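Next come the chains, spelled out residue by residue.
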Amino acid sequence: MLFGSFNPIHTGHLILAHFMATHTDLDAVWLVVSPQSPFKVGQEMLPEEERLALVELAIADNDRLRALDIEAHMPKPSYTIDTLDELVRLHPQHRFVLLMGEDNLPDLPRWKQADRILAEHEVYVYPRPDVDSTNLKTHPSVRVVEAPLLDISATFIRDCVRGGKSIRYLVPDSVEKRILTAGYWQ
């Protein structure tokens, strides 16, 4: 499970999700479009239906990736443990692994019921540029995955669009076309 606001989804998300689905023991990666992270309250967001549509466009040709809008039907703000509980209820045949950037690992203890997340689910941590977090890396539920380091952010992409700069190769062509045609962040 790769949770995110995906505002917008970008090449970094896609490379990471595909890498995890093809270079680890995971069969697939489900991208959970989060309507409102409790850590991103007040941030400018496209409507969740639009962000989901961009994710679906981005992964349309990859059968190892799946877009989920499960949090759109749950109380806001979204809490990871609640979503994981709902996914386990709906799909008891699956094992759910939380994918997380190393930059988020130090904050994990502040998450709602973080102890349950670590007790009931594995957490695969991927490196982030200029981050060296030793916090929780030795926990038995945490696995550090040597994935490609990518320093692309949705904030950078939104700023490029606002500034009239190209976002080619930062997002898939289909996502770029939708962003420009719909006039997002312009």
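About the cut-offs
Residues numbered from 1 in each chain as written. Predicted model: local features only at pLDDT ≥ 70, side-chain atom pairs only at ≥ 80, totals over all residues. Heavy atoms only, no water. Salt bridge = Lys/Arg side-chain N within 4 Å of Asp/Glu carboxyl O. Helix = DSSP H or I, 4+ residues; strand = E, 2+ residues; numbered from the N terminus. Buried < 20%, exposed > 50% of the residue type's maximum accessible area, 1.4 Å probe, protein only. Expected span 1.5 Å × (residues − 1). Contact = heavy atoms within 4.5 Å. Core = buried A, V, L, I, M, F, W, Y, C linked by side-chain atoms within 4.5 Å. Axes fitted to C-alpha atoms, helices over the stretch in contact; angles between N-to-C directions. Parallel < 35°, antiparallel > 145°, perpendicular 65-115°, else oblique. Left-handed = near helix turned anticlockwise from the far one by under 90°. Nonpolar A, V, L, I, M, F, W, Y, C, P; charged D, E, K, R; others polar. 1 Å grid on protein atoms, 1.4 Å probe; cavity = no way out; pocket = protein on both sides within 12 Å on 5 of 7 lines; lining within 4 Å. Points joined across faces, edges and corners; volume = space filled by probe spheres on them. Arc of directions from axis to C-beta. Pairing = 2+ DSSP bridges.

- Under an unreviewed UniProt entry, the protein has the name Nicotinate-nucleotide adenylyltransferase and belongs to Hymenobacter qilianensis.

Let's talk about the pattern of salt bridges
Then, in step 1: Going through the model one piece at a time under the given rule, you end up with ten salt bridges.
Then, in step 2: Close ionic contact of Arg 178 with Glu 50 constitutes a salt bridge, the shortest N to O distance being 3.2 Å. Highlighted residues: Arg 178 in helix H6 (residues 173-182) and Glu 50 in helix H2 (residues 48-59), separated in sequence by 128 residues.
Then, in step 3: Residue class for Arg 178 comes out partly exposed when judged on its relative accessible area of 30%.
Then, in step 4: When its relative accessible area of 24% is taken as the criterion, Glu 50 is described as partly exposed.
Then, in step 5: Put simply, Arg 95 and Glu 122 hold a salt bridge, and the shortest N to O gap is 2.9 Å.

Thoughts on H2
Then, in step 1: With twelve residues, H2 extends 17 Å from end C-alpha to end C-alpha; this agrees with the ideal 16 Å at 1.5 Å per step.
Then, in step 2: All of the buried residues in H2 are Glu 48, Arg 51, Leu 52, Ala 53, Leu 54, Val 55, Ala 58 and Ile 59.
Then, in step 3: Structurally, H2 contributes buried residues whose contacts are with helix H1 (11-23), strand E2 (29-33), strand E3 (65-68) and H6.

Let's talk about the nonpolar core
Then, in step 1: Counting 37 residues, the largest nonpolar core has Leu 2, Ile 9, Met 20 and Val 29 as the members making the most contacts within it.
Then, in step 2: Elements with a contribution of two residues or more to this core: H1, E2, H2, E3, strand E4 (97-101), strand E5 (122-126), helix H5 (154-162) and H6.
Then, in step 3: Ranked by residues supplied to this core, first place goes to H1 with six residues.
Then, in step 4: One finds Trp 30, Met 74, Leu 105 and Leu 108 within the second-largest nonpolar core, a separate group that totals 22 residues.

Here's the deal with the packing of H2 against H6
Two measures define how a pair of helices packs: the angle their axes make with one another and the distance between the axes.
Then, in step 1: Two elements in contact, H2 and H6, have axes separated by 8 Å at closest approach and are oriented at 150 degrees. One finds that H2 runs roughly antiparallel with respect to H6. Judged by the sense of rotation from one axis to the other, the crossing of H2 with H6 is right-handed. Residues Glu 50, Ala 53, Leu 54, Leu 57 and Ala 58 of H2 pack against Ser 174, Val 175, Arg 178 and Ile 179 of H6.
Then, in step 2: Taken together, the residues of the contact of H2 with H6 break down into six nonpolar, one polar and two charged.

Quick word on the layout of surface pockets
Any empty space left between atoms is shown by rolling a water-sized probe over those atoms.
Then, in step 1: Within this model, the second largest pocket holds a volume of roughly 260 Å³.
Then, in step 2: In terms of lining residues, the second largest pocket is bounded by Met 1, Asp 25, Leu 26, Asp 27, Ala 28, Val 29, Trp 30, His 94, Arg 95, Phe 96 and Val 97.
Then, in step 3: The residue inventory of the lining of the second largest pocket, partitioned by class, reads seven nonpolar, one polar and three charged.

A short note on the environment of Thr 155
Then, in step 1: Positionally, Thr 155 belongs in helix H5.
Then, in step 2: Between the C-alpha atom of Thr 155 and that of Ile 59, which follows or precedes it by 96 residues, the distance is 21 Å.

So, helix H3 (residues 80-90)
Then, in step 1: Buried within H3 are the following residues: Thr 80, Ile 81, Thr 83, Leu 84 and Leu 87. The arc enclosing the buried residues of H3, seen along the axis, measures out at 160 degrees, which places them on a common side.
Then, in step 2: Looking at the buried residues of H3, the elements they touch are strand E1 (2-4), E2, E3, E4 and helix H4 (114-120).

Remarks on the pairing of E5
Then, in step 1: Most of E5 sits inside the fold, with four of its five residues counted as buried.
Then, in step 2: Sheet topology places E4 next to E5; five bridges connect them, and they run parallel. Directly across from Leu 98, in E5, lies its bridge partner Val 123.
Then, in step 3: Looking at chain direction, E5 and strand E6 (residues 142-144) are connected through three bridges and run parallel. Bridging across to E6, Tyr 124 finds its partner in Arg 143.

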